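# Examining the three-dimensional arrangement
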Amino acid sequence: MTLLQGKAGWGLLIALALVFPYVVPNNYFLSVMTLSYIFAIAALGLNLITGYTGQFNLAHGGFMAIGAYAVGLLTTDYQWGFWWAFAAAGAVCGVLGWLIGMLSLRMTGHVFSIFTLCVGYIIYLLIEKWEAVTHGAVGVMGIPAPAHPFGGEVDTPIGQYYLMLGFLVLGAVVMQRIVRSILGRSFMAVRNGEALAEALGIPLMRTKRLAFVLSVIYAGLAGGLYAGHVRFLGPELAATHHTFELVMFMLVGGIGTLFGPILGSVLVPWLTQSLQFLQDYRMVVFGPLLIVLLIFLPHGIVGTWLHRQARREAAKRAQAVPPAPPVSAPRTGARHA
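In this text, all values refer to a predicted model and were calculated from it rather than measured experimentally.

### Quick notes on the overall build of the protein
Each helix and strand in the protein was counted, giving 14 helices and two strands. Among the 337 residues that make up the protein, the fraction classed as buried is 45%. For the protein, the share of sequence-separated contacts (at least 6 apart) that also reach a separation of at least 24 residues comes to 75%. Roughly 17900 Å² of accessible area belongs to the protein as shown, and the carbon and sulfur atoms make up 68% of that amount.

Written as C-alpha coordinates, this is what we have:
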(Lines give C-alpha, C1' and ligand atoms only; values in the text may rest on other atoms or scores of the structure.)
Protein backbone atom coordinates (compact mmCIF):
# COMPACT_ATOMS: atom_id res chain seq x y z
CA MET A 1 0.00 0.00 0.00
CA THR A 2 2.93 2.34 0.59
CA LEU A 3 3.74 2.17 -3.14
CA LEU A 4 0.36 3.71 -3.91
CA GLN A 5 1.05 7.01 -2.16
CA GLY A 6 1.51 10.32 -3.97
CA LYS A 7 1.95 10.97 -7.67
CA ALA A 8 4.23 7.95 -8.09
CA GLY A 9 1.54 5.64 -6.75
CA TRP A 10 -1.15 7.05 -9.02
CA GLY A 11 1.25 6.84 -11.95
CA LEU A 12 1.88 3.16 -11.19
CA LEU A 13 -1.86 2.43 -11.06
CA ILE A 14 -2.49 4.22 -14.35
CA ALA A 15 0.38 2.32 -15.97
CA LEU A 16 -1.10 -0.99 -14.80
CA ALA A 17 -4.51 0.03 -16.14
CA LEU A 18 -3.00 0.95 -19.51
CA VAL A 19 -1.40 -2.48 -20.00
CA PHE A 20 -4.42 -4.40 -18.64
CA PRO A 21 -6.07 -4.99 -22.09
CA TYR A 22 -2.89 -6.73 -23.30
CA VAL A 23 -2.71 -9.26 -20.46
CA VAL A 24 -6.35 -10.42 -20.22
CA PRO A 25 -7.33 -13.53 -22.19
CA ASN A 26 -10.56 -12.22 -23.75
CA ASN A 27 -12.90 -9.25 -24.14
CA TYR A 28 -15.19 -10.42 -21.33
CA PHE A 29 -12.66 -9.38 -18.68
CA LEU A 30 -12.21 -6.11 -20.54
CA SER A 31 -15.96 -5.46 -20.37
CA VAL A 32 -16.07 -6.21 -16.62
CA MET A 33 -13.28 -3.73 -15.96
CA THR A 34 -14.90 -1.11 -18.22
CA LEU A 35 -18.16 -1.31 -16.27
CA SER A 36 -16.16 -1.12 -13.03
CA TYR A 37 -14.64 2.16 -14.18
CA ILE A 38 -18.08 3.58 -14.97
CA PHE A 39 -19.48 2.66 -11.57
CA ALA A 40 -16.29 3.99 -9.94
CA ILE A 41 -17.11 7.44 -11.37
CA ALA A 42 -20.59 7.25 -9.83
CA ALA A 43 -19.09 6.01 -6.54
CA LEU A 44 -16.75 9.02 -6.45
CA GLY A 45 -19.79 11.28 -6.62
CA LEU A 46 -21.63 9.40 -3.87
CA ASN A 47 -18.50 9.54 -1.74
CA LEU A 48 -18.46 13.34 -2.02
CA ILE A 49 -21.91 13.82 -0.50
CA THR A 50 -21.77 10.85 1.89
CA GLY A 51 -18.12 10.39 2.80
CA TYR A 52 -16.94 14.01 2.75
CA THR A 53 -20.14 15.91 3.59
CA GLY A 54 -21.90 13.36 5.80
CA GLN A 55 -25.25 13.21 3.99
CA PHE A 56 -26.30 9.62 3.22
CA ASN A 57 -27.96 9.96 -0.20
CA LEU A 58 -29.94 6.89 -1.30
CA ALA A 59 -31.16 8.35 -4.62
CA HIS A 60 -27.75 8.25 -6.28
CA GLY A 61 -28.55 5.28 -8.51
CA GLY A 62 -31.69 7.07 -9.68
CA PHE A 63 -29.64 10.07 -10.83
CA MET A 64 -27.32 7.72 -12.67
CA ALA A 65 -30.37 6.34 -14.47
CA ILE A 66 -31.53 9.88 -15.32
CA GLY A 67 -28.17 10.59 -16.93
CA ALA A 68 -28.27 7.33 -18.87
CA TYR A 69 -31.83 7.95 -20.13
CA ALA A 70 -30.98 11.54 -21.05
CA VAL A 71 -28.25 10.26 -23.36
CA GLY A 72 -30.33 7.37 -24.64
CA LEU A 73 -33.45 9.37 -25.45
CA LEU A 74 -31.68 12.41 -26.89
CA THR A 75 -29.53 10.30 -29.22
CA THR A 76 -32.25 7.90 -30.39
CA ASP A 77 -35.48 9.94 -30.37
CA TYR A 78 -34.06 13.39 -31.14
CA GLN A 79 -30.90 12.48 -33.07
CA TRP A 80 -28.51 14.45 -30.88
CA GLY A 81 -24.81 13.76 -31.08
CA PHE A 82 -23.50 11.64 -28.23
CA TRP A 83 -21.29 14.28 -26.63
CA TRP A 84 -24.02 16.94 -26.73
CA ALA A 85 -26.38 14.49 -25.06
CA PHE A 86 -23.65 13.58 -22.58
CA ALA A 87 -23.22 17.23 -21.58
CA ALA A 88 -26.99 17.60 -21.31
CA ALA A 89 -27.13 14.58 -19.00
CA GLY A 90 -24.78 16.27 -16.54
CA ALA A 91 -26.73 19.53 -16.78
CA VAL A 92 -30.10 17.86 -16.24
CA CYS A 93 -28.84 15.97 -13.20
CA GLY A 94 -27.29 19.16 -11.83
CA VAL A 95 -30.55 21.11 -12.13
CA LEU A 96 -32.62 18.29 -10.64
CA GLY A 97 -30.05 17.85 -7.88
CA TRP A 98 -30.32 21.53 -6.98
CA LEU A 99 -34.15 21.37 -6.86
CA ILE A 100 -34.30 18.12 -4.89
CA GLY A 101 -31.48 19.27 -2.63
CA MET A 102 -33.45 22.39 -1.70
CA LEU A 103 -36.15 20.12 -0.27
CA SER A 104 -34.25 17.12 1.04
CA LEU A 105 -31.27 18.83 2.68
CA ARG A 106 -33.53 20.64 5.13
CA MET A 107 -33.80 17.23 6.76
CA THR A 108 -31.00 15.58 8.68
CA GLY A 109 -29.86 12.09 9.63
CA HIS A 110 -31.98 9.10 8.81
CA VAL A 111 -34.91 11.33 7.73
CA PHE A 112 -32.81 12.67 4.86
CA SER A 113 -31.80 9.13 3.87
CA ILE A 114 -35.41 7.89 3.88
CA PHE A 115 -36.51 10.90 1.84
CA THR A 116 -33.84 10.30 -0.81
CA LEU A 117 -34.70 6.59 -0.87
CA CYS A 118 -38.27 7.60 -1.74
CA VAL A 119 -36.95 9.98 -4.41
CA GLY A 120 -34.95 7.13 -5.94
CA TYR A 121 -38.04 4.91 -6.02
CA ILE A 122 -40.10 7.70 -7.61
CA ILE A 123 -37.45 8.01 -10.33
CA TYR A 124 -37.73 4.27 -10.94
CA LEU A 125 -41.55 4.46 -11.21
CA LEU A 126 -41.39 7.41 -13.61
CA ILE A 127 -38.97 5.59 -15.88
CA GLU A 128 -41.05 2.42 -15.82
CA LYS A 129 -44.53 3.96 -16.17
CA TRP A 130 -44.01 7.10 -18.27
CA GLU A 131 -44.05 5.17 -21.53
CA ALA A 132 -44.65 8.21 -23.74
CA VAL A 133 -41.23 9.57 -22.79
CA THR A 134 -39.09 6.72 -21.47
CA HIS A 135 -40.59 3.83 -23.54
CA GLY A 136 -41.50 2.09 -20.29
CA ALA A 137 -40.59 -1.55 -19.88
CA VAL A 138 -39.53 -1.77 -23.54
CA GLY A 139 -36.50 0.38 -22.77
CA VAL A 140 -34.26 2.33 -25.11
CA MET A 141 -32.43 0.44 -27.83
CA GLY A 142 -29.95 1.40 -30.51
CA ILE A 143 -28.04 3.96 -28.47
CA PRO A 144 -24.97 5.04 -30.46
CA ALA A 145 -21.50 4.57 -29.08
CA PRO A 146 -19.50 7.68 -28.16
CA ALA A 147 -18.25 9.53 -31.21
CA HIS A 148 -14.54 9.50 -31.96
CA PRO A 149 -12.96 12.96 -32.29
CA PHE A 150 -11.51 11.96 -35.67
CA GLY A 151 -14.75 10.49 -36.98
CA GLY A 152 -16.64 7.24 -36.43
CA GLU A 153 -17.61 5.69 -33.11
CA VAL A 154 -15.66 4.27 -30.19
CA ASP A 155 -17.38 0.91 -30.34
CA THR A 156 -14.53 -1.60 -29.93
CA PRO A 157 -13.99 -3.19 -26.49
CA ILE A 158 -10.47 -1.81 -26.15
CA GLY A 159 -11.55 1.65 -27.33
CA GLN A 160 -14.40 1.70 -24.80
CA TYR A 161 -12.01 0.56 -22.09
CA TYR A 162 -9.54 3.38 -22.64
CA LEU A 163 -12.35 5.94 -22.96
CA MET A 164 -13.84 4.99 -19.57
CA LEU A 165 -10.38 4.84 -18.01
CA GLY A 166 -9.69 8.36 -19.25
CA PHE A 167 -12.93 9.67 -17.75
CA LEU A 168 -12.21 7.91 -14.46
CA VAL A 169 -8.74 9.49 -14.25
CA LEU A 170 -10.22 12.90 -15.09
CA GLY A 171 -12.99 12.44 -12.52
CA ALA A 172 -10.49 11.41 -9.83
CA VAL A 173 -8.24 14.43 -10.56
CA VAL A 174 -11.19 16.84 -10.39
CA MET A 175 -12.42 15.21 -7.18
CA GLN A 176 -8.96 15.49 -5.64
CA ARG A 177 -8.87 19.20 -6.45
CA ILE A 178 -12.31 19.64 -4.89
CA VAL A 179 -11.64 17.84 -1.61
CA ARG A 180 -8.25 19.53 -1.13
CA SER A 181 -9.62 23.02 -1.76
CA ILE A 182 -11.25 25.40 0.71
CA LEU A 183 -14.59 24.14 -0.58
CA GLY A 184 -13.62 20.58 0.29
CA ARG A 185 -12.59 21.69 3.78
CA SER A 186 -16.05 23.24 4.13
CA PHE A 187 -17.65 19.94 3.14
CA MET A 188 -15.64 18.09 5.79
CA ALA A 189 -16.45 20.72 8.39
CA VAL A 190 -20.15 20.13 7.75
CA ARG A 191 -19.58 16.39 8.09
CA ASN A 192 -17.77 16.79 11.41
CA GLY A 193 -20.39 19.05 12.94
CA GLU A 194 -23.06 21.18 11.29
CA ALA A 195 -23.50 23.51 14.28
CA LEU A 196 -19.77 24.10 14.57
CA ALA A 197 -19.43 24.65 10.79
CA GLU A 198 -22.22 27.23 10.89
CA ALA A 199 -20.59 28.93 13.88
CA LEU A 200 -17.38 29.22 11.84
CA GLY A 201 -19.25 31.17 9.18
CA ILE A 202 -19.78 28.36 6.64
CA PRO A 203 -23.14 28.76 4.84
CA LEU A 204 -24.63 25.42 5.80
CA MET A 205 -27.45 24.91 3.30
CA ARG A 206 -25.55 26.36 0.35
CA THR A 207 -22.56 24.13 1.08
CA LYS A 208 -24.67 20.99 1.37
CA ARG A 209 -26.62 21.81 -1.79
CA LEU A 210 -23.40 22.38 -3.72
CA ALA A 211 -22.03 19.01 -2.54
CA PHE A 212 -25.30 17.35 -3.53
CA VAL A 213 -25.27 18.94 -6.99
CA LEU A 214 -21.65 17.99 -7.68
CA SER A 215 -22.27 14.42 -6.56
CA VAL A 216 -25.31 13.89 -8.79
CA ILE A 217 -23.49 15.44 -11.76
CA TYR A 218 -20.92 12.68 -11.33
CA ALA A 219 -23.78 10.16 -11.25
CA GLY A 220 -25.39 11.61 -14.37
CA LEU A 221 -22.16 11.59 -16.35
CA ALA A 222 -21.46 8.02 -15.26
CA GLY A 223 -24.95 7.10 -16.43
CA GLY A 224 -24.29 8.73 -19.80
CA LEU A 225 -21.12 6.69 -20.22
CA TYR A 226 -23.04 3.56 -19.19
CA ALA A 227 -25.60 4.23 -21.93
CA GLY A 228 -22.87 4.64 -24.53
CA HIS A 229 -21.18 1.43 -23.44
CA VAL A 230 -24.15 -0.93 -22.98
CA ARG A 231 -26.23 0.62 -25.84
CA PHE A 232 -29.51 -0.53 -24.24
CA LEU A 233 -31.40 0.78 -21.22
CA GLY A 234 -34.22 -0.60 -19.11
CA PRO A 235 -36.03 0.62 -15.98
CA GLU A 236 -34.01 -1.75 -13.77
CA LEU A 237 -31.06 0.64 -14.02
CA ALA A 238 -32.99 2.96 -11.65
CA ALA A 239 -33.67 0.19 -9.12
CA THR A 240 -32.56 1.00 -5.59
CA HIS A 241 -30.18 -1.96 -5.41
CA HIS A 242 -27.76 -0.09 -7.68
CA THR A 243 -27.46 2.64 -5.04
CA PHE A 244 -26.72 0.04 -2.38
CA GLU A 245 -24.07 -1.47 -4.65
CA LEU A 246 -22.39 1.94 -4.83
CA VAL A 247 -22.60 2.17 -1.03
CA MET A 248 -20.97 -1.26 -0.80
CA PHE A 249 -18.14 -0.12 -3.06
CA MET A 250 -17.50 2.82 -0.73
CA LEU A 251 -17.61 0.70 2.42
CA VAL A 252 -15.26 -1.94 1.06
CA GLY A 253 -12.73 0.53 -0.34
CA GLY A 254 -12.98 3.17 2.35
CA ILE A 255 -15.61 5.86 2.75
CA GLY A 256 -14.30 9.40 2.89
CA THR A 257 -11.12 8.54 0.96
CA LEU A 258 -10.30 9.31 -2.65
CA PHE A 259 -8.92 5.94 -3.69
CA GLY A 260 -11.34 3.85 -1.61
CA PRO A 261 -14.43 4.06 -3.88
CA ILE A 262 -12.30 3.29 -6.94
CA LEU A 263 -10.75 0.25 -5.27
CA GLY A 264 -14.12 -1.00 -4.07
CA SER A 265 -15.69 -0.52 -7.52
CA VAL A 266 -12.98 -2.70 -9.06
CA LEU A 267 -12.50 -5.25 -6.27
CA VAL A 268 -16.15 -6.18 -5.57
CA PRO A 269 -17.14 -6.99 -9.20
CA TRP A 270 -14.01 -9.10 -9.66
CA LEU A 271 -14.73 -10.92 -6.41
CA THR A 272 -18.28 -11.70 -7.50
CA GLN A 273 -17.02 -12.81 -10.91
CA SER A 274 -14.54 -15.18 -9.28
CA LEU A 275 -17.44 -16.80 -7.41
CA GLN A 276 -19.51 -17.42 -10.54
CA PHE A 277 -18.68 -21.14 -10.41
CA LEU A 278 -20.88 -21.36 -7.29
CA GLN A 279 -23.87 -20.19 -9.37
CA ASP A 280 -26.87 -19.59 -7.09
CA TYR A 281 -24.79 -20.03 -3.95
CA ARG A 282 -22.20 -17.38 -4.68
CA MET A 283 -24.00 -14.75 -2.57
CA VAL A 284 -24.02 -17.23 0.34
CA VAL A 285 -20.22 -17.04 0.24
CA PHE A 286 -19.92 -13.38 -0.75
CA GLY A 287 -22.16 -12.16 2.09
CA PRO A 288 -20.07 -13.60 4.96
CA LEU A 289 -16.87 -12.44 3.22
CA LEU A 290 -18.22 -8.90 3.13
CA ILE A 291 -19.26 -9.07 6.79
CA VAL A 292 -15.82 -10.34 7.84
CA LEU A 293 -14.18 -7.57 5.84
CA LEU A 294 -16.29 -4.88 7.53
CA ILE A 295 -15.65 -6.37 10.99
CA PHE A 296 -11.86 -6.45 10.68
CA LEU A 297 -11.57 -3.39 8.40
CA PRO A 298 -14.34 -1.10 9.71
CA HIS A 299 -13.11 1.90 7.74
CA GLY A 300 -12.66 -0.07 4.51
CA ILE A 301 -9.39 -1.24 3.02
CA VAL A 302 -7.92 2.19 2.30
CA GLY A 303 -9.49 3.91 5.32
CA THR A 304 -8.24 1.30 7.79
CA TRP A 305 -4.73 1.47 6.35
CA LEU A 306 -4.73 5.27 6.59
CA HIS A 307 -5.92 5.10 10.22
CA ARG A 308 -3.19 2.62 11.13
CA GLN A 309 -0.57 4.70 9.35
CA ALA A 310 -1.70 7.80 11.24
CA ARG A 311 -1.45 5.95 14.57
CA ARG A 312 2.08 4.72 13.72
CA GLU A 313 3.20 8.23 12.81
CA ALA A 314 1.70 9.61 16.02
CA ALA A 315 3.53 6.95 18.04
CA LYS A 316 6.83 7.82 16.30
CA ARG A 317 6.36 11.50 17.05
CA ALA A 318 5.60 10.70 20.68
CA GLN A 319 8.80 8.62 20.96
CA ALA A 320 10.87 11.36 19.32
CA VAL A 321 9.93 13.91 21.98
CA PRO A 322 12.59 13.80 24.74
CA PRO A 323 11.23 13.18 28.22
CA ALA A 324 10.99 16.20 30.48
CA PRO A 325 13.67 16.38 33.21
CA PRO A 326 12.46 15.45 36.68
CA VAL A 327 11.46 18.36 38.85
CA SER A 328 13.11 18.23 42.27
CA ALA A 329 10.97 18.99 45.29
CA PRO A 330 11.66 22.35 46.91
CA ARG A 331 13.61 22.24 50.12
CA THR A 332 11.86 23.32 53.25
CA GLY A 333 13.07 24.14 56.71
CA ALA A 334 16.27 25.79 57.97
CA ARG A 335 19.73 24.46 57.29
CA HIS A 336 21.69 23.30 60.33
CA ALA A 337 25.46 23.46 60.54
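So, next bit.
### Some remarks on helix H3 (residues 60–76)
Between its first and last C-alpha, H3 extends 25 Å over 17 residues, near the 24 Å set by a 1.5 Å rise per residue. Counting buried positions along H3 yields 17 of 17 residues, so the element is predominantly enclosed.

### Some details on a positive patch on the surface
Judged by side-chain charge, Arg308, Arg311, Arg312 and Lys316 come together as a positively charged surface patch. Locating Lys316 in the fold gives a position in helix H14 (residues 300–320). The exposed category is assigned to Lys316, whose relative accessible area is 60%.

### Quick word on the pattern of salt bridges
Counted under the stated rule, the structure contains two salt bridges. Of the charged contacts in the structure, one is a salt bridge between Lys129 and Glu128, with a shortest N-O distance of 4.0 Å. On the accessibility criterion, Lys129 (59% relative accessible area) is exposed.

### Observations regarding the packing of aromatic side chains
Across all of its chains, the model carries 15 aromatic pairs by this definition. Between Tyr37 and Tyr161, the ring centres sit 5.3 Å apart and the planes meet at 50 degrees, which makes this aromatic pair tilted. On the criterion of sequence distance, the pair formed by Tyr37 in helix H2 (residues 27–52) and Tyr161 in helix H7 (residues 157–179) is long-range, its members being 124 residues apart. With relative accessibility at 6%, the residue Tyr37 sits in the buried group. Put simply, the rings of Phe20, Tyr28, Phe29, Tyr37, Tyr161, Tyr162 and Trp270 pair up and form one aromatic cluster.

### Some remarks on the environment of Ala145
When you line up the elements, Ala145 lands in the loop between strand E1 (140–141) and H7. The buried category is assigned to Ala145, whose relative accessible area is 3%. In the structure, Ala145 is positioned 83 residues away from Gly228 in sequence and 4.8 Å away in space, judged by C-alpha atoms.

### Comments concerning the nonpolar core
Tyr37, Leu44, Phe63, Met64, Tyr161, Phe212 and Leu233 are the most contacted members of the largest nonpolar core, which totals 78 residues. The element contributing the most residues to this core is H2, with 14 residues. If sequence neighbours within four positions are ignored, Leu233 has contacts with Ala68, Tyr69, Gly72, Gly139, Val140, Ile143, Tyr226 and Ala227.

### Here we look at unusual backbone geometry
The phi angle at Gln79 is positive, at roughly 60 degrees, despite the residue not being glycine. As for its position among the elements, Gln79 is in the loop between H3 and helix H4 (82–104). For Gln79, a relative accessible area of 63% corresponds to the exposed category. Although it is not a glycine, His135 adopts a positive phi angle of roughly 75 degrees. In this fold, His135 is placed in the loop between helix H6 (131–134) and E1. With a relative accessible area of 27%, His135 lands in the partly exposed category.

Criteria and cut-off values
- Residues numbered from 1 in each chain as written.
- Predicted model: local features only at pLDDT ≥ 70, side-chain atom pairs only at ≥ 80, totals over all residues.
- Heavy atoms only, no water.
- Helix = DSSP H or I, 4+ residues; strand = E, 2+ residues; numbered from the N terminus.
- Buried < 20%, exposed > 50% of the residue type's maximum accessible area, 1.4 Å probe, protein only.
- Contact = heavy atoms within 4.5 Å.
- Areas by Shrake-Rupley, 256 points an atom, 1.4 Å probe, with all protein chains shown as cover.
- Expected span 1.5 Å × (residues − 1).
- Patch = residues over 30% accessible without salt bridge, like charges linked within 9 Å, V, L, I, M, F, W, Y side chains within 5 Å.
- Salt bridge = Lys/Arg side-chain N within 4 Å of Asp/Glu carboxyl O.
- Lys, Arg positive; Asp, Glu negative; His and termini not counted.
- Charge placed at Lys NZ, Arg CZ, Asp CG, Glu CD.
- Phe/Tyr/Trp six-rings, centres within 6.5 Å; stacked < 30°, edge-to-face > 60°.
- Core = buried A, V, L, I, M, F, W, Y, C linked by side-chain atoms within 4.5 Å.

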